[in-house]
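Each chain, letter by letter, is given below.
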Amino acid sequence: MKRWRNLAAGAAAIVLVAACTGCGGPLDPKTGDPDTLVVHSRFAPGTYGADTYSSVVAQFERENPGVHIKNLYNGDDIFNSFETARLAGKEADILLINLYDKAYSWTELGATPPVDRYLKEWGLRDRVEPRALKAWTDGQGRLRAFPWTGFTWPVLVNSKLLHKAGIERAPRTLPELRAALKALKAERIPAMTIGGNDWSGQKFLMQVMQGYMEPAVAKRVFSKGGYCAEPQARKGLRLFGELRDAGLFVKGAQGLNADQMNADYLEERAAMMPAISSTIAAVPAPLARHTEITGFPVPSDGTYDKPTVYNGATSTGIWLTPNGAEKPDLSEKFVTFLYRKDVVQKFIDKSGYVMTLRGQRPSEERPLVSESSRVTHGDTVSEAVMPDDYVPAAVSTPLNRATSLAYTRGTGVQAMCKALDTAYRS
Amino acid sequence: MLLLPLYYLLVSSFKDNGDIFAAPLGLPDSLSLRKFATSVHDARLDLAVLNSVIVTVLSLAVILLLAVPAAYALARASGKVAAAIERAFSLGFLIPTFAALVPTFLLAAQLGLFHTRTFIVLFLPATSLPLAVVLLTQFMRTVPHEVEEAARMDGAGNWTVLVRIYLPMVVPGIVTVLILSFLAFWNEYLYSLVIIGPDEAQRTIQVAVPTLRSSLSTDFGVLSAGTVVTLIPVYAVYAVLQRRMEGALMGGAVKV
């Protein structure tokens, strides 16, 4: 009996020691190894761009013997995870995260220091595209983080499916789009796939609505709501409803999400899809060969004279945290490394990233992404106002929910705008 | 109906997104274990399972250590103080999980135990203690006084009565508490995410699996495989303990 008790006590002690291993370890950048830089990001293995990130981190460690990068990964919880760690003073040194949602308030609240002076002192200012600097600068003129990646968000069109319906080219005007919808319907080919139940559907609804909204009006309405009270928004929603009821979207679009949208297009079950650059990078070569890139048609009496696309510079930025600012040498080494031309080119070539840094060449391995950049920055499309830059953080999730209603056939303008306005009061 | 979600998860673990969305309940074309290997490798589920086992087993040990003596005392006591303490335990059910999050976080930070498993091992039993004490107290009240009196006449003290008389007779109650607490501890997400954090070396399985999901695109085959990995221990423990619980209940019924 005594032997068993001793054994049980020994086992408990071993487990307790194991449980406590790692307490206050590298996750506490203040007391941890001074040669370790803790980097918190979404680049979890298996996610988009993670392989490239992993290989450049290995390269950095090879080039800087003795320096170790400790990677922490979070999915969509990264914003909350960083904030609680910051409150406890145990945040990572560097964050690789997009400017979205709560992150808009971090610099103002002192959760992250502005990086203007580091950008200058570390000689990186000339590397950044001016539009990216502008996008990452807050109302007080403080640069929130080092701009790094951006995105393009055009419309992909499967020309093989269009040809099957007797359509020669991607529709660029509303009459062409209406004719295409009729022809595709006759061939039983779903016209456009969309995640009507999530962010992808929300962005597209806003894009179509902007067909009749001047940029200044769009910025005001996205910031404060008031869709029902704004005649331009109502007109845009009427256009959306008309196209929806004419059969623009796949069946059950109001219940779909972005993953189902991607699967529909990649499996060639739908002729069109609005696609952000990370999705474009995932289009397999055979499909890419018969994929056209364009904007979404706009009304002839509307705000824009060319089909619209979204385009932005607020994807992943390199954020310095207060803990990171206490390790200036290590942080400088890593940030300047991530800005280095050959390293940036790796992200462009291998993962099809759209970077906001100057002097890089387009990806040869991902020609569709290069084509999307060329089209997006060319003179055949117009750039619509990106809602994320204006929609308040607390509203973005309710707004996604409100979007779903707009994708339900037969929903009128009043019901759509009321749902959108309600999201701003929730 | 209970098997349908498990079937869906299992078949999805062998399919790509296109097949999952096109025919959710259809059989897979191949039985390759590639998705399982990817999920374990990408989210380091091996480490995460180990962390969850450490956290869960230690928390279960702590809860038994605290709940059994408390329930024993409450079951044998008859005064007003004991009744008030028992009611106080019952009030524990009224505290919503979210309400305790901020003070718990502050406590962890103050104690210097933020980003450690140690704090969670101490915290999780506190969340299950009300249920465990209330349940075990009821089970212990069913132990006949005559048996205890006979033991006392043979010279048994309080601890001997608890260990030799009460414990063997309330095994069904203990197993019930273990099952309920195991399910709660193993599946706990919010506090593990906030307190333990994202470090691969420490995070639990429930925090690790969601990293296989991304808002831009998700391989649902890999995610399903990861979810199946988290479910295996739950099903195994439930199967083993449930049989023991049923056996003990039947045995107890015959004795009483």
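Our structure is the block above this text.
These numbers were taken from a predicted model, which means no experiment stands behind them.

Visitor: Give a description of the pattern of salt bridges that names residues and reports values.
Guide: Residue and element names in this part refer to chain A. Across all of its chains, the model carries 25 salt bridges over all chains by this definition. Across the pair arginine 131 and glutamate 129 runs a salt bridge, and its minimum N-O distance is 2.9 Å. The residue glutamate 176 makes a salt bridge to arginine 169 at a minimum N-O spacing of 2.9 Å. Since its relative accessible area comes to 29%, glutamate 176 is described here as partly exposed. Among the charged side chains, a salt-bridge network with shared partners connects Glu63, Arg340 and Asp342.

Visitor: Please provide a residue-by-residue account of the packing of aromatic side chains, values included.
Guide: Residue and element names in this part refer to chain B. This structure, assessed with the given rule, holds 32 aromatic pairs over all chains. Aromatic pair tyrosine 72 and tyrosine 166: ring centres 5.0 Å apart, planes at 70 degrees, arrangement edge-to-face. You can see tyrosine 72 sitting in helix H4 (residues 45–76) and its partner tyrosine 166 sitting in helix H9 (residues 158–169), a full 94 residues away along the chain. Like tyrosine 166, tyrosine 72 is buried.

Visitor: Go over helix H11 (residues 231–245) of chain A, please, and point to the residues and values.
Guide: Residues and elements named next belong to chain A. Compared with the 21 Å implied by 1.5 Å per residue over 15 residues, the 21 Å span of H11 between its first and last C-alpha is a close match. Regarding H11, the residues found buried are Gln232, Ala233, Gly236, Leu237, Leu239, Phe240, Gly241, Leu243 and Arg244. Residues of H11 that are buried in the fold lie against helix H8 (174–186), helix H9 (199–209), helix H10 (215–224), helix H19 (393–406) and helix H20 (413–425). Sitting at the head of H11, glutamate 230 places a side-chain oxygen 3.0 Å from the backbone nitrogen of glutamine 232.

Visitor: Run through the interface of chain B and chain A, naming residues and quoting values.
Guide: Frequently, the measure chosen for interface size is the accessible area that the parts lose on association. Counting residues at the interface gives 30 residues for chain B, matched by 38 residues for chain A. Approximately 3000 Å² of surface area, both sides summed, lies buried where chain B meets chain A, with 60% of it carried by carbon and sulfur atoms. The largest per-residue losses of area from chain B upon contact with chain A belong to Phe21, Pro198 and Leu216 of chain B, which jointly make up 19% of the total buried on that side. Taken together, chain B and chain A are joined by one salt bridge. Here lysine 70 of chain A ties to aspartate 199 of chain B by a salt bridge, and the two come within 2.7 Å at their closest N and O atoms. Where chain B packs against chain A, one counts four residue pairs in polar contact (both at pLDDT 80 or more).

Visitor: Before we move on, could you go through the sheet that holds strand E4 (residues 146–147) of chain A and cite the residues and values that matter?
Guide: Residues and elements named next belong to chain A. What the five strands build is an open sheet, ordered E2-E1-E3-E10-E4; its pairing is mixed. Edge positions in the sheet fall to strand E2 (68–73) and E4, since each has one partner strand and no second. When strand E1 (residues 36–41) meets strand E3 (residues 94–97), the two strands line up parallel, connected through three bridges. Among the inter-strand pairings, histidine 40 is bridged to a residue of E3, identified as leucine 95. Each of E1, E2, E3, E4 and strand E10 (317–320) touches helix H16 (residues 328–339); the most contacted strand, E1, lies at about 50 degrees to it.

Visitor: How would you sum up the state of the cysteines? Please name residues and give values.
Guide: All names here are of chain A. Taken as a whole and assessed by the stated rule, the structure comprises one disulfide over all chains. Each sulfur of the disulfide joining cysteine 228 and cysteine 417 lies 2.0 Å from the other. On the S-S bond that ties cysteine 228 to cysteine 417, the torsion sits near 95 degrees, and the link is right-handed. Of this pair, cysteine 228 sits in the loop between H10 and H11 while cysteine 417 sits in helix H20, and the two are 189 residues apart along the sequence.

Visitor: Before we move on, could you go through the side chain of histidine 290 of chain A and cite the residues and values that matter?
Guide: Residue and element names in this part refer to chain A. Mapping histidine 290 onto the fold places it in the loop between helix H14 (285–289) and strand E8 (291–294). Side chain to side chain, histidine 290 and glutamate 268 meet in a polar contact 3.2 Å long. Excluding residues within four positions of it along the chain, histidine 290 makes contact with Val157, Asn158, Ser159, Lys160 and Glu268.

Visitor: Please give an account of the packing of H9 of chain A against H11 of chain A that cites residues and values.
Guide: Residue and element names in this part refer to chain A. Two elements in contact, H9 and H11, have axes separated by 8 Å at closest approach and are oriented at 115 degrees. Classed by the angle they form, the pair H9 and H11 counts as roughly perpendicular. Two packed elements cross with a definite hand, and for H9 against H11 that hand is right-handed. Along the contact surface, H9 presents Phe204, Leu205, Val208 and Met209, while H11 presents Gln232, Ala233, Gly236, Leu237, Leu239, Phe240 and Leu243. For the contact of H9 with H11, a count of residues per class yields nine nonpolar, two polar and no charged.

Definitions and cut-offs
Along every chain, residues carry numbers that run from 1 in the direction the sequence is written. Labels follow written order: the first chain is A, the first ligand is 1, and so on. For this predicted model, a pLDDT threshold of at least 70 governs which residues receive local features, and a threshold of 80 or more governs which side-chain atom pairs are given and counted, while totals over whole chains, interfaces and linings are taken from all residues. Side-chain calculation: all heavy atoms of the structure are included, whereas hydrogens and water are not. The working definition used for a salt bridge is a side-chain nitrogen of Lys or Arg within 4 Å of a carboxyl oxygen of Asp or Glu. Exposure classes here rest on a 1.4 Å probe applied to the protein chains alone. A residue is buried below 20% of its type maximum, exposed above 50%, and partly exposed in between. Each pair of aromatic rings taken from Phe, Tyr and Trp, with Trp reduced to its six-membered ring, is defined by centres within 6.5 Å and is described as stacked if the planes are under 30 degrees apart, edge-to-face if over 60, and tilted in the remaining cases. Segments assigned H or I by DSSP are reported as helices when at least four residues long, segments assigned E as strands when at least two residues long, and all are numbered from the N terminus. Multiplying 1.5 Å by the residue count of a helix minus one yields the expected span of that helix. Contacts between residues were defined by any pair of non-hydrogen atoms, one from each residue, lying within 4.5 Å. Polar contact is the term for a pair of N or O atoms within 3.5 Å; when the atoms are in protein, one must be able to donate a hydrogen and the other to accept it, and sequence-neighboring residues count only if both atoms are side-chain atoms. By definition, the buried area sums, over both parts, the 1.4 Å-probe accessible area that each loses when the two are put together. What makes two strands pair is DSSP finding at least two bridges between them. A fitted line through C-alpha atoms serves as each axis, taken over the contacting stretch for helices, and the angle formed by two N-to-C directions is quoted from 0 to 180°. To count as a disulfide, a pair of cysteine sulfur atoms needs to be within 2.5 Å. Any angle that falls under 35 degrees is termed roughly parallel, while one over 145 is termed roughly antiparallel, one within 65 to 115 roughly perpendicular, and all others oblique. Two helices that cross are described as forming a left-handed crossing if the nearer one is turned anticlockwise from the farther one by less than a right angle, and a right-handed crossing if clockwise. Residues are grouped as follows: Ala, Val, Leu, Ile, Met, Phe, Trp, Tyr, Cys and Pro are nonpolar; Asp, Glu, Lys and Arg are charged; every other residue, Gly included, is polar.

Any functional reading would require information beyond the geometric quantities listed.
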